[in-house]
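# Structure at a glance
What follows is each chain in one-letter form.
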Amino acid sequence: MIDKLFPTTIIGSYPKPKWLNRVKDLYNENKVSKKVLKEAEDDASRLILNEHQRAGIDILNDGEMRREEMTEYFAEMIPGYEFHGPVRVWGNNYFNKPSVVEELKDPKPMLVDEFKFMKQIVGEESYIKIPITSPYTIAEWSFNEVYSREELIYRLSEIINRELKLLEDAGAKCVQIDEPALSTRPEDVEIIEEAMRIVTDGVNIDKIIMHACYGDFSTIYPEILEFDVDQFSLEFANNDYESLEIFSEYEFTKEIGYGCIDVHNQEIETVNQIKKDIKKGIEVFKPEKMWINPDCGVKLLPRDVAYKKLVNMTQATQELRKEMN
Ligand SMILES: [Zn+2]
């Protein structure tokens, strides 16, 4: 889809402008209408797409300006889910855990409007990547009174499959299935593989990516090479590139989204450092199969830090491209 060495992208989330959070609060307090909220989200989407273009990112996304949380966002749109208020997940963190209370029906298109809006902002020549939470993760974060565990995962897989087909019809070229806990549940790798088979069945989108983060990839490699995806985007900066060793044991037959920006550390990697870190990757992966991205979503960083990290990342890839051509 994109014909250059080391295409750059972001994983998903990006810090929201403070005024957007304020409007969201006001909306939750019933002080402004849905229309006002949508206007603010549209404005933020334009602003952040522009910020990513200025940073030199090739495959764009608006940093998930419309999303607060990765399960709730989708469960809210799927008929058959209900919300019974927040549950405590750890410490003093609460999560509005959705419950499956009846058989899930097909939702209205969930991401098509969002895609079309972004596409219209960036223009025909530019690429958009659309992150979607995996059926496995949505199921794992749901109360479920209706299905067996696997039945729910596979029913959600059908729903996501239908969404991908709608996105394909709307012109989408690149989607990313977010599977954060992939490596922490190695006993479920076969279930996730089957879920991905359903998700991608009959879909002809150019690039289907799976993003996983935190964990020990040795528990799931090389099994994940069987997954029906084109690319895995994985973190390397956060584990100091130690996990590279795991992938040198067997040939990595997919593309890699090479995470080389630490999203948990405010220190801004220099251009030279990032170039060195990408070169470590070239020893394991084929350069023509590498995309360059941060380890994960950057929403927990201050916005100016997130921006500078992206600028240095794209600068590093530009220099490497020149040096290697
Ligand atoms: Zn992640």
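Rules of the game
- Residues numbered from 1 in each chain as written.
- Predicted model: local features only at pLDDT ≥ 70, side-chain atom pairs only at ≥ 80, totals over all residues.
- Heavy atoms only, no water.
- Helix = DSSP H or I, 4+ residues; strand = E, 2+ residues; numbered from the N terminus.
- Rg over C-alpha atoms; globule rule 2.2 N^0.38 Å.
- Buried < 20%, exposed > 50% of the residue type's maximum accessible area, 1.4 Å probe, protein only.
- Contact = heavy atoms within 4.5 Å.
- Areas by Shrake-Rupley, 256 points an atom, 1.4 Å probe, with all protein chains shown as cover.
- Lys, Arg positive; Asp, Glu negative; His and termini not counted.
- Charge placed at Lys NZ, Arg CZ, Asp CG, Glu CD.
- Donors = N, O, S within 2.8 Å, 3.2 Å for Na, K, Ca; no water.
- UniProt positions renumbered as here; feature names shortened; annotations may be inferred.
- 1 Å grid on protein atoms, 1.4 Å probe; cavity = no way out; pocket = protein on both sides within 12 Å on 5 of 7 lines; lining within 4 Å.
- Core = buried A, V, L, I, M, F, W, Y, C linked by side-chain atoms within 4.5 Å.
- Polar contact = N/O pair within 3.5 Å; in protein donor to acceptor, adjacent residues only side chain to side chain.
- Pairing = 2+ DSSP bridges.
- Axes fitted to C-alpha atoms, helices over the stretch in contact; angles between N-to-C directions.
- Right-handed = clockwise from strand over helix to strand, strands pointing away.
- Points joined across faces, edges and corners; volume = space filled by probe spheres on them.
- Nonpolar A, V, L, I, M, F, W, Y, C, P; charged D, E, K, R; others polar.

This part takes up the overall build of the protein chain. Scanning the protein chain from terminus to terminus reveals ten helices and 13 strands. Its C-alpha atoms give the protein chain a radius of gyration of 19 Å, within 12% of the compact-globule value 20 Å for 325 residues. Seen through its principal axes, the protein chain has C-alpha atoms that stretch 55 × 45 × 45 Å. Within the span of the protein chain, comprising 325 residues, buried residues form 54% of the whole. For the protein chain, restricting intrachain contacts to residue pairs at least 6 apart in sequence, the fraction spanning at least 24 positions comes to 76%. Summing over all exposed atoms, the protein chain offers an accessible surface of approximately 15000 Å²; the carbon and sulfur share of this is 46%. One finds the centroid of the 41 positive side-chain charges in the protein chain at a distance of 7 Å from the centroid of its 62 negative side-chain charges.

Protein ligation of the zinc ion involves His211 (NE2), Cys213 (SG) and Cys296 (SG), the donor distances falling in the range 2.0 to 2.3 Å. Donor residues binding the zinc ion come from one chain and are separated in sequence as H-x1-C-x82-C. One end of the pair, cysteine 213, is in the loop between β10 (207-211) and β11 (231-235); the other, cysteine 296, is in the loop between β13 (290-293) and α10 (303-324), and 83 residues separate them in sequence. Residue classification places cysteine 296 among the partly exposed residues on the basis of a relative accessible area of 22%.

Before going further, it helps to examine the UniProt feature "binding site: Zn(2+)" (unreviewed entry) in the protein chain. What UniProt calls "binding site: Zn(2+)" (unreviewed entry) maps, in this numbering, to His211, Cys213, Glu235 and Cys296. What stands out for the annotated residues spanning 86 residues is how close their C-alpha atoms remain, the widest pair being 8.9 Å apart. Narrowing the list just given to those that line the largest pocket leaves His211, Cys213, Glu235 and Cys296. The exposure class of cysteine 213 is buried, given its relative accessible area of 6%. Look past the residues within four positions of cysteine 213 in its chain and what remains in contact with it is Glu179, Pro180, Glu235 and Cys296. If sequence neighbours within four positions are ignored, cysteine 296 has contacts with Ile11, His211, Cys213 and Val263.

A few words now on the nonpolar core. Counting residues in hydrophobic clusters, the biggest one holds 92 residues, and the most contacted among them are Leu167, Phe227 and Tyr258. Element by element, the count of residues in this core is highest for helix α6 (residues 149-169), at seven residues. Sequence-distant contacts of leucine 167, defined by excluding residues within four places in its chain, comprise Leu111, Val112, Phe115, Ile130, Ile132, Ala172 and Val175.

Moving on: the side chain of serine 243. By the element assignment, serine 243 lies in the loop between β11 and α8 (244-248). The class for serine 243 is buried, based on a relative accessible area of 8%. Looking at serine 243, its side chain comes within polar contact range of the side chain of asparagine 239, at 3.1 Å.

This next bit is on the sheet that holds strand β12 (residues 255-259). Taken in spatial order, the six strands of this open sheet run β7-β9-β10-β11-β12-β13, and their pairing is parallel. Only two strands of the sheet have a single partner each, and these edge strands are β7 (130-133) and β13. The mean angle between the axes of side-by-side strands here comes to 25 degrees, regardless of whether they run parallel or antiparallel. Both strand β9 (residues 174-178) and β10 contribute to a ladder of five bridges, which runs parallel. Residue glutamine 176 lies in a different strand from β10, and its bridge partner there is isoleucine 209.

With that settled, consider the pairing of β10. Of all five residues in β10, five are buried; the element is thus mostly enclosed. Taking every second residue as pointing to the same face, both faces of β10 are buried, with Lys207, Ile209 and His211 on one and Ile208 and Met210 on the other. The β-α-β motif built from β9, the intervening helix α7 (residues 189-200) and the parallel element β10 has right-handed crossover chirality. As paired strands, β10 and β11 are joined by three bridges and run parallel to one another. Bridge pairing links isoleucine 209 to glutamine 231 in β11.

Glancing now at the layout of surface pockets. Approximately 1400 Å³ is the volume found for the largest pocket. In terms of lining, the largest pocket is formed by 45 residues, of which the most central are Glu68, Glu69, Met70, Trp90 and Lys299. Those elements that place two or more of their residues in the lining of the largest pocket are β3 (87-90), β4 (93-95), β7, α5 (135-140) and β9. By residue class, the composition of the lining of the largest pocket is 19 nonpolar, 14 polar and twelve charged. In this structure, the second largest pocket spans a volume of roughly 900 Å³. Lining the second largest pocket are 25 residues; nearest its centre among them are Lys34, Glu41, Arg66, Tyr73 and Glu76. Of all elements in the fold, only α1 (18-28), α2 (34-55), α3 (72-75) and α4 (112-122) reach the threshold of two or more residues within the lining of the second largest pocket. Partitioned by chemical class, the residues of the lining of the second largest pocket number nine nonpolar, two polar and 14 charged.

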